[in-house]
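Structural description and commentary
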Amino acid sequence: MEIPFYQETLDWLLASRVPSIRYLALTRQMGESEKGKAATAARAEIAGQDPVAYILAQQAPGGYWNSPKHYYSPKFTSSHWSMLLLSELALDPAHPAMQSGADHMLRSLEADISAYQPGGRLLWICLLGNWLRYQLYCGRLADERVQIVIRYICADVARGCVC
């Protein structure tokens, strides 16, 4: 079945000045490998172009945005939200800023995660779901703190998810 205006829309996405849009159109819509020539070229531009360059410029040397203690607020510019945006904008997960931000967020939630007991409450499930998304994007599956959160989310879903 042909989708009306699909090719025109795809052409518009591929012509974008925002490399994240081009990269995602190539890899998610056209099925090009992340290692393909056009995808590699688009991804190489992502860190140096806005909006990603602007977000990266706001990151402190400790891997956080705005405040080392307040990872969730102010909304959309704090560490949590910046990490979520950077992963959605397809910044390479191996980029030093992504790794530094993921480290900061692991440390920020470490006390809560370490104190968690099965059957207990941890944090907002929606916060943890988004946190888990960028931790996995950054290759943190084997980290025990990530594993605890995965088990917690699965248990919460089994209980009916109260977020």
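A quick note: this is a predicted structure, and the numbers were derived from the prediction, not measured. (Residues numbered from 1 in each chain as written. Predicted model: local features only at pLDDT ≥ 70, side-chain atom pairs only at ≥ 80, totals over all residues. Heavy atoms only, no water.)

1. As for the pattern of salt bridges
- Applying the stated rule across the entire model yields 7 salt bridges.
- The salt bridge partner of E34 is R43, with a shortest N-O separation of 3.9 Å.
- Classification of E34 by relative accessible area gives exposed; the value is 51%.
- Looking at R43, the relative accessible area reads 17%, which means it is buried.
- R151 serves as the salt-bridge partner of E144, at 2.9 Å between the closest nitrogen and oxygen.
- When its relative accessible area of 47% is taken as the criterion, E144 is described as partly exposed. (Salt bridge = Lys/Arg side-chain N within 4 Å of Asp/Glu carboxyl O. Buried < 20%, exposed > 50% of the residue type's maximum accessible area, 1.4 Å probe, protein only.)

2. Structural notes on the confidence of the model for the chain
- On average, the chain scores 89 in pLDDT, and the residues at 70 or more come to 91%.
- Summarising per-element confidence for the chain, the mean pLDDT is lowest in helix α8 (residues 144-159) (83) and highest in helix α4 (residues 52-57) (97). (pLDDT = per-residue confidence, 0-100. Helix = DSSP H or I, 4+ residues; strand = E, 2+ residues; numbered from the N terminus.)

3. Examining the side chain of Q135
- Considering the arrangement of structural elements, one finds Q135 in helix α7 (residues 125-137).
- A residue is classified by how much of its surface remains accessible, and Q135, at 0% relative accessible area, is buried.

4. Considering α7
- Across its 13 residues, α7 extends 18 Å between first and last C-alpha, which sits within 8% of the 18 Å expected from 1.5 Å per residue.
- The complete set of buried residues in α7 reads I125, L127, L128, W131, L132, Y134 and Q135.
- For α7, the secondary structure elements touched by its buried residues are α5 (79-88), α6 (96-115) and α8.
- Following α7 by one or two positions, G139 adopts a phi angle in the positive range, close to 85°. (Expected span 1.5 Å × (residues − 1). Contact = heavy atoms within 4.5 Å.)

5. With respect to the packing of helix α1 (residues 6-14) against helix α2 (residues 19-29)
- For the pair α1 and α2, the least separation of the axes is 7 Å and the interaxial angle reads 135°. On the basis of their axis angle, the class for α1 and α2 is oblique. Packed against α1, whose contacting residues are Y6, L10, L13 and L14, the element α2 presents I21, R22, A25, L26 and Q29 at the interface.
- Among the residues forming the contact of α1 with α2, the class breakdown is 7 nonpolar, 1 polar and 1 charged. (Axes fitted to C-alpha atoms, helices over the stretch in contact; angles between N-to-C directions. Parallel < 35°, antiparallel > 145°, perpendicular 65-115°, else oblique. Nonpolar A, V, L, I, M, F, W, Y, C, P; charged D, E, K, R; others polar.)

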